[in-house]
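Chain by chain, the residues run as shown.
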Amino acid sequence: MMPSPTPHPVAASEPDPSRRNNLALLTSLVHHNGGLSRAQLTKRTGLNRSTVGTLIGQLVNLDVVYETAPSGEAQVGRPSPIVHPRPSIAALAVNPEIDAVTIGLVGLGGKVQKKIRFDTERIPTAKEAVNIAAAVIAGMRSELDTSYRVMGVGIAVPGLVNRDDGVVRHAPHLGWRDEPIARMLGEATGYPCHAANDASLGAEGELLFGAGAGQKNLIFLNGGASGIGGGIIADGELLRGASGYAGELGHTFVRSSGKPCHCGAAGCLETEVSQSPLFELAGIGGGDAGQLEQALRASSSEAVAAEVARQLEYLGVALRNAVNIFNPEAIVLDGFLGVLHALSPGTLDTSLRSQAMDGPAGQVKIYRAALGSDLMMIGAAELAFAQFLADPAGTFSARTS
């Protein structure tokens, strides 16, 4: 059983850069792995056992981690305690879409503690999305203040977002342009807020906690109500591009006689591959990816089978281009794209092997996203955790000074 929370200590800022970096490394390892033994931490960091023990002791005193006795089979030598992330250290996450605003609370360790979806009758403006999120957070405030230490808010936006200043440059499906969403929500809640593209955050979330764990080169594609977004992980890092807008794979050209796209082009992936016709053919007005999959599997309509095949064909064209350009180890598909792949799991593999270059096509594997409907909450929370993970002791010192 997890020990009960202890009073929050006041930390002095860690003046030694080496020690600060080692505290950050240990905190990140425990956060991203959900609990590791001291022996595992010693092996992964390359630090000696005594140093790891001292650093863990400091993190325990900060109430960042807690330790439990090892379980399982008997070990040779002295058992190594298991170090766990303290879930009362948390981050808020916000994901505005064309039909809802979702707000979540994510604990250290990447577990979603709470999630609230607020459906909207129309596409929310930036101000409306901020008001909705701020009202939900205000309703949680008593619990947050008494039971959690909130590091901030991360906002996952389906559009072009400057991660450095939290300004949404263009979110076409939402109709937003040059909206300082991070500053707006920060002023409304009093928490430090950060914003980034939703698919890029999804890519990082799956890399750290999901289907991409252990991979260094992957392509992530998310399909939802706001179209198709993408994120590229190259050599273990998110590929951001000159202005942070890299990864817009939804606007990959896939059909010469295709439909016009809101971006000004025609034949983009997200105009040819869309969840709307799938919901329509399945006979349901809307819902999440799980509901869509259930309805499509229950249908015996030839029209459904034909539409699934058609969309997989164009998705295969986009993935062929991406595989040839980026040479990934893995492709992770989320949302309704994961549903398409699950309905006909061999189709995309066959498409890649027949159309992409032999070398890259032979290496890549296609996965369905593992984090499901929690993905955007977990990815957005990483934005809010970033400063804390970089300097755990210093973060608490700054907050109490």
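Under an unreviewed UniProt entry, the chain has the name ROK family transcriptional regulator and belongs to Arthrobacter gyeryongensis. What the UniProt record of the chain gives under Sequence similarities (unreviewed entry) is the line "Belongs to the ROK (NagC/XylR) family."

Asks: Please clarify how the pairing of strand β4 (residues 89-96) should be interpreted in this entry.
Replies: Side-chain direction in a regular strand flips from residue to residue, so the side chains alternate between the two faces of the sheet. Burial of β4 is extensive: eight of the eight residues sit out of reach of the surface. Burial along β4 is two-sided: I89, A91, A93 and N95 facing one way and A90, L92, V94 and P96 facing the other are all buried. By the bridge criterion, five bridges tie β4 to strand β7 (residues 149-157) in an arrangement that is parallel. In the sheet register, A93 faces β7, and the bridge partner there is G154. With seven bridges joining them, β4 and strand β5 (residues 100-107) adopt antiparallel strand pairing. Pairing of A93 across the sheet is with G104, part of β5. Adjacent in sequence and paired antiparallel, β4 and β5 are bridged by three residues.

Asks: Quick question: what am I supposed to make of empty space enclosed by the protein here?
Replies: The gaps left among the atoms become clear once a water-sized probe is rolled over them. Applying the stated rule across the entire model yields two cavities of 30 Å³ or more. Taken as a whole, the largest cavity holds about 70 Å³ of empty space. Residue lining of the largest cavity: V161, R163, A196, N197, S200, L238, L239, R240 and G244, and that is the complete set. What the second largest cavity holds in volume is close to 40 Å³.

Asks: Would you mind going over the pattern of salt bridges with me for this structure?
Replies: Where charged atoms from two side chains of opposite charge come close, those side chains can pair. All chains considered together, the criterion is met by 20 salt bridges. Residue R122 is joined to E128 by a salt bridge in which the shortest nitrogen-to-oxygen separation is 2.4 Å. The partly exposed category is assigned to E128, whose relative accessible area is 25%. Between R297 and E293 there is a salt bridge, with the nearest N and O atoms lying 3.1 Å from each other. Of this pair, R297 and E293 are both found in helix α9 (residues 289-298), four residues apart, which corresponds to roughly one turn of the helix. The class for R297 is partly exposed, based on a relative accessible area of 49%. Residue classification places E293 among the buried residues on the basis of a relative accessible area of 13%. Overlapping salt bridges, with partners in common, bring together R255, E272, E307 and R310 in one network.

Asks: Honestly, the sheet that holds strand β1 (residues 36-37) in this entry has me stumped. Any pointers?
Replies: Note: strands within a sheet are paired through backbone hydrogen bonds, in either parallel or antiparallel orientation. Judged by pairing direction, the sheet is antiparallel, and its three strands sit side by side in the order β1-β3-β2 without closing on themselves. Of all strands in the sheet, those with a lone pairing partner are β1 and β2 (65-68), marking the two edges. By the bridge criterion, four bridges tie β2 to strand β3 (residues 82-85) in an arrangement that is antiparallel. Looking at the pairing, E67 lines up with V83 of β3. Those strands touched by helix α1 (residues 17-33) are β1, β2 and β3, and its axis lies near 80° from that of β3. Packed on one face of the sheet, helix α3 (residues 49-61) meets β2 and β3 and runs near 115° to β2.

Asks: For this particular structure, what's the right way to read the sheet that holds strand β16 (residues 365-368)?
Replies: Pairing is mixed across the open sheet formed by five strands, whose spatial order is β14-β13-β12-β15-β16. Each having just a single partner strand, β14 (237-238) and β16 make up the two edges of the open sheet. In this sheet, β16 lies alongside strand β15 (residues 330-335) in parallel orientation, the contact comprising four bridges. Looking across to β16, one finds that A330 is bridged to K365. On top of the sheet, helix α6 (residues 198-209) reaches β12 (218-224), β13 (227-234), β14 and β15; it is set at about 50° to β13, its chief contact.

Asks: Please clarify how the environment of R368 should be interpreted in this entry.
Replies: Residue position: R368 is located in strand β16. Spatially, the C-alpha atoms of R368 and R320 are 17 Å apart, while their sequence positions differ by 48 residues. Excluding residues within four positions of it along the chain, R368 makes contact with A211, E293, V332, L333, G338, V339 and A342. In this structure the side chain of R368 is engaged in a polar contact, spanning 2.8 Å, whose partner is the side chain of E293.

Asks: Please clarify how the packing of helix α8 (residues 275-282) against helix α10 (residues 302-326) should be interpreted in this entry.
Replies: Geometrically, a packed helix pair is captured by the angle between its two axes and the distance between the axes. Between α8 and α10, whose axes approach to 10 Å, the crossing angle comes to 165°. Between α8 and α10, the interaxial angle falls into the category roughly antiparallel. As for how α8 packs across α10, the hand of that crossing is left-handed. Between α8, through P277, L278 and L281, and α10, the contact on the second element is made entirely by A303, V304, E307, V308 and Q311.

Asks: Help me understand α10, please; the structure alone is not making it clear to me.
Replies: Because an α-helix packs 3.6 residues into every turn, residues spaced three or four apart end up facing the same way. Compared with the 36 Å implied by 1.5 Å per residue over 25 residues, the 36 Å span of α10 between its first and last C-alpha is a close match. At the N-terminal end of α10, a side-chain oxygen is found 3.1 Å from the backbone nitrogen of A303, two or three residues along, and the residue is S301.

Asks: Even after reading the chapter, I still don't get the pairing of β13, so can you show me in this structure?
Replies: Within β13, seven of the eight residues are buried, which leaves the element mostly enclosed by the surrounding structure. The pairing of β12 with β13 spans seven bridges and is classified as antiparallel. In the strand pairing of β13, L221 is matched with G230. Joining the antiparallel neighbours β12 and β13 is a turn of two residues. The pairing of β13 with β14 spans two bridges and is classified as antiparallel.

Scoring rules and cut-offs
Note on numbering: residues in each chain are counted from 1, in written sequence order. Predicted model: local features are reported for residues with pLDDT of at least 70 only, side-chain atom pairs are reported and counted for 80 or more only, and whole-chain, interface and lining totals are derived from all residues. Remark: hydrogens and water are excluded; side-chain values derive from all non-hydrogen atoms of the structure. UniProt positions are given in the numbering used here, feature names are shortened, and annotations may be inferred rather than shown by experiment. Buried, partly exposed and exposed residues are distinguished by accessible area as a fraction of the type maximum, computed with a 1.4 Å probe on protein chains only: under 20%, between the cut-offs, and over 50%, respectively. Here a strand is any run of E in DSSP of at least two residues, a helix any run of H or I of at least four, and the numbering for each starts at the N terminus. What makes two strands pair is DSSP finding at least two bridges between them. A pocket here means an open set of points on a 1 Å grid, computed over the protein atoms alone, that has protein on both sides within 12 Å along at least five of seven lines. A cavity is instead a set of points where a 1.4 Å probe fits but cannot get out; residues with an atom within 4 Å of a point line either one. Grid points are joined across faces, edges and corners, and a volume is the space filled by probe spheres set on the points. Any Lys or Arg side-chain nitrogen located within 4 Å of an Asp or Glu carboxyl oxygen qualifies as a salt bridge. Two residues form a contact once any of their heavy atoms are found within 4.5 Å. For helices, the axis comes from a line fit to the C-alpha atoms of the stretch in contact; other axes are also lines fit to C-alpha atoms, and the angle between any two N-to-C directions lies between 0 and 180 degrees. Pairing of N or O atoms within 3.5 Å defines a polar contact, subject to two protein rules: one partner must be a possible hydrogen donor and the other a possible acceptor, and residues neighboring in sequence count only if both atoms are side-chain atoms. Should an angle fall under 35 degrees it is taken as roughly parallel, and over 145 as roughly antiparallel, whereas 65 to 115 is taken as roughly perpendicular and any remaining angle as oblique. Left-handed describes a crossing whose near helix is turned anticlockwise from the far helix through less than a right angle; right-handed describes the clockwise counterpart. Here the expected length of a helix is defined as 1.5 Å per residue gap, with one fewer gap than residues.

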